[in-house]
Amino acid sequence: MPIKVGIVGLGAMGVWHAATLRELRGFVLRSVCDITPAQRAVAEQDYGCRAFGELKPFLADPELDLVVVATPSHAHVEPTLAALRAGKHVVCEKPLAQTESDARRMFAAAEGAEKQLLTFQNRRWDSDFLTVARMVRSGRLGELQNIRLLRWFWSDLMQTFGVKSYRPGWRSEAAYGGGALLDFGAHYFDQLLQLLPAPVVDVYGDLRARRWTRDADDQFLAILRTANGVVAQVEFSQNAHPPLQVEWLLSGSQGGFRYDPDGSQYYTHNARGKARSTPVKNLPSDWRAFYQNVAAVLAGRNPPAVQPRETLRLMRLLDAIRRSAATGKVVAFDDVYAPSTSTSPAPSRQA
């Protein structure tokens, strides 16, 4: 039997979920709940599904198996809790919540309802991360020492990435859960935490509102140190005049790696210090792998690719980065959700 899905919030990402679910085998888009008449019309006319303006009648449908929460970040908690209380499984857009405490409350509700709550960390299936994770798992780098992830670009995305019928600039407003750290950072730090081989011990964060927002952040910098000496830096800006798209640099005791969309490279030096580089084939992106895993989870075949403790670890880290940025100081990090073994997990492409 196909999984019958309803979407809460048919904004920019809600539309992506709707279009993707319609094309995937094993899923049926049954309904949409959105507060704007324009998006309800899109649901009915473009997707041929039922449309609701309120949660209660939407969730009352006994045929509904899975609810996708794709509302703005500030409005993830209540629809998720309501769906779980109604006996539905939930996929929630990242960030799952704005704080670790709210995320814990959501997972506790899922456990109490005996339902799955899955965080949509789709960028675990981006080409760059899949390629980087494969390199780390291969052991060719030796003992991991340094990681750097940098992305600079110039874009008004914070004010324009949305539907016209509902506040397209909400990502630039703190009241709506906006800000680059919660938006892009929720992806990049989720990726980074999959690579770190030991618990994080301290964090430094810097958040700035340079151009696109007044009360949130449109650029961030964070430096993490682990118990076994790895230093990891993530830097992101939407205000940078010189563009530099996603760039990963990793260095270990045996070699180094640089991701390039046009051709990645593995680097070593011989005993005389002469450099050698070897081309590395990049893996293709595959966001649909997330939903393939969802289907396997709901069928009882596989565990979730994004584990609850991984989402809680991410939220705890984002909290620490904001705390450091507020004080200007390095803060100690109690990495209670770190894996018990020093592995570097990453999702299988088959999920």
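Heads up: the structure comes first, above all this text.
Keep in mind it's a predicted model, so treat the numbers as computed, not measured. (Residues numbered from 1 in each chain as written. Predicted model: local features only at pLDDT ≥ 70, side-chain atom pairs only at ≥ 80, totals over all residues. Heavy atoms only, no water.)

Asker: What am I meant to see in the side chain of Asp217 here?
Answerer: With respect to the helices and strands, the residue Asp217 is situated in the loop between β8 (200-208) and β9 (219-226). Of the polar contacts made by the side chain of Asp217, one reaches the backbone nitrogen of Leu181; its length is 2.9 Å. Not counting residues within four places of it along the chain, the set of residues in contact with Asp217 comprises Met158, Gly179, Ala180, Leu181, Leu207, Arg208 and Ala209. (Helix = DSSP H or I, 4+ residues; strand = E, 2+ residues; numbered from the N terminus. Polar contact = N/O pair within 3.5 Å; in protein donor to acceptor, adjacent residues only side chain to side chain. Contact = heavy atoms within 4.5 Å.)

Asker: What is the right way to read the packing of aromatic side chains from this model?
Answerer: Think of a pair of aromatic rings as described by two things: how far the centres are apart, and how the planes are tilted against each other in angle. Throughout the structure, instances matching the rule amount to 17 aromatic pairs. In this structure an aromatic cluster arises from ring pairing among Trp16, Phe27, Phe120, Trp125, Trp287, Phe290 and Tyr291. Over the ring of Tyr266 we find Arg140; its NZ or CZ atom is 4.1 Å from the centre of that ring. Its end group placed over the ring of Trp212, Arg211 keeps NZ or CZ at 4.9 Å from the ring centre. (Phe/Tyr/Trp six-rings, centres within 6.5 Å; stacked < 30°, edge-to-face > 60°. Lys NZ or Arg CZ within 6 Å of the ring centre and 35° of its normal.)

Asker: When you look at the side chain of Glu247 in this model, what are you seeing that I'm missing?
Answerer: You can see Glu247 is positioned in strand β11 (residues 239-252). Ignoring anything within four residues of it in the chain, the contact list for Glu247 reads Arg148, Leu149, Leu150 and Arg258.

Asker: Just to check I follow, could you spell out the sheet that holds strand β6 (residues 117-120) for this structure?
Answerer: Two orientations exist for strands paired in a sheet by backbone hydrogen bonds: parallel and antiparallel. Across the sheet, six strands lie side by side as β3-β2-β1-β4-β5-β6; this open sheet has parallel pairing. Whereas interior strands pair on both sides, the edge strands pair on one side only; in this sheet they are β3 (50-52) and β6. Adjacent strand axes in the sheet meet at a mean angle of 25 degrees when their direction is disregarded. Bridge analysis of strand β2 (residues 27-33) against β3 gives three bridges, and the strand direction is parallel. Within β3, the position partnered with Ser31 by the bridge is Arg50. Along the sheet, helix α1 (residues 12-23) makes contact with β1 (3-8), β2, β4 (66-69), β5 (89-93) and β6, crossing β1 at roughly 165 degrees. Along the sheet face, helix α9 (residues 288-298) touches β1, β2, β4, β5 and β6 and points at about 175 degrees away from the line of β6. (Pairing = 2+ DSSP bridges. Axes fitted to C-alpha atoms, helices over the stretch in contact; angles between N-to-C directions.)

Asker: Would you take a moment to explain the packing of helix α4 (residues 77-85) against helix α5 (residues 100-113) for this structure?
Answerer: Angle between the axes and distance between the axes: these two values describe a pair of packed helices. Between α4 and α5, whose axes approach to 9 Å, the crossing angle comes to 10 degrees. With respect to α5, the axis of α4 lies roughly parallel. Along its contact with α4, which presents Val77, Glu78, Thr80, Leu81 and Leu84, the element α5 presents Asp102, Arg105, Met106, Ala109, Ala110 and Ala113. Within the contact of α4 with α5, the residues separate by chemical class into seven nonpolar, one polar and three charged. (Parallel < 35°, antiparallel > 145°, perpendicular 65-115°, else oblique. Nonpolar A, V, L, I, M, F, W, Y, C, P; charged D, E, K, R; others polar.)

Asker: Explain the sheet that holds strand β15 (residues 331-332) to me, please; I cannot follow it from the model alone.
Answerer: One open sheet holds the nine strands; their spatial order is β14-β13-β12-β11-β7-β10-β9-β8-β15, and the pairing between them is mixed. One side of each edge strand has no neighbouring strand; the edge strands of this open sheet are β14 (275-280) and β15. Here helix α6 (residues 127-138) sits on the sheet in contact with β11, β12 (256-258), β13 (264-269) and β14, set at roughly 20 degrees to β11. Running at roughly 60 degrees to β8, helix α10 (residues 308-327) makes contact with β8, β9 and β15 of the sheet.

Asker: Explain unusual backbone geometry to me, please; I cannot follow it from the model alone.
Answerer: Peptide bonds are mostly trans, and most non-glycine residues show a negative phi. The linkage connecting Lys94 with the following residue, Pro95, adopts the cis geometry, with an omega of -15 degrees. The residue Pro95 is located in the loop between β5 and α5 in this model. Look at Arg167: it is not a glycine, yet its phi comes out positive at around 35 degrees. Following the sequence through the fold, Arg167 ends up in the loop between α7 (157-160) and α8 (180-195). Using a relative accessible area of 39% as the deciding quantity, one classes Arg167 as partly exposed. (Buried < 20%, exposed > 50% of the residue type's maximum accessible area, 1.4 Å probe, protein only.)

Asker: Where do I start with the nonpolar core in this structure?
Answerer: Taken as a class, soluble globular proteins show a tendency for nonpolar side chains to be buried jointly. Core analysis: the largest hydrophobic core is formed by 69 residues, its most contacted members being Ile147, Phe189, Leu196, Leu224, Trp248, Leu250 and Leu318. In this structure, Leu10, Ala43, Val68 and Tyr291 belong to the second largest nonpolar core, which totals 29 residues. (Core = buried A, V, L, I, M, F, W, Y, C linked by side-chain atoms within 4.5 Å.)

Just distances and angles here, no functional claims.
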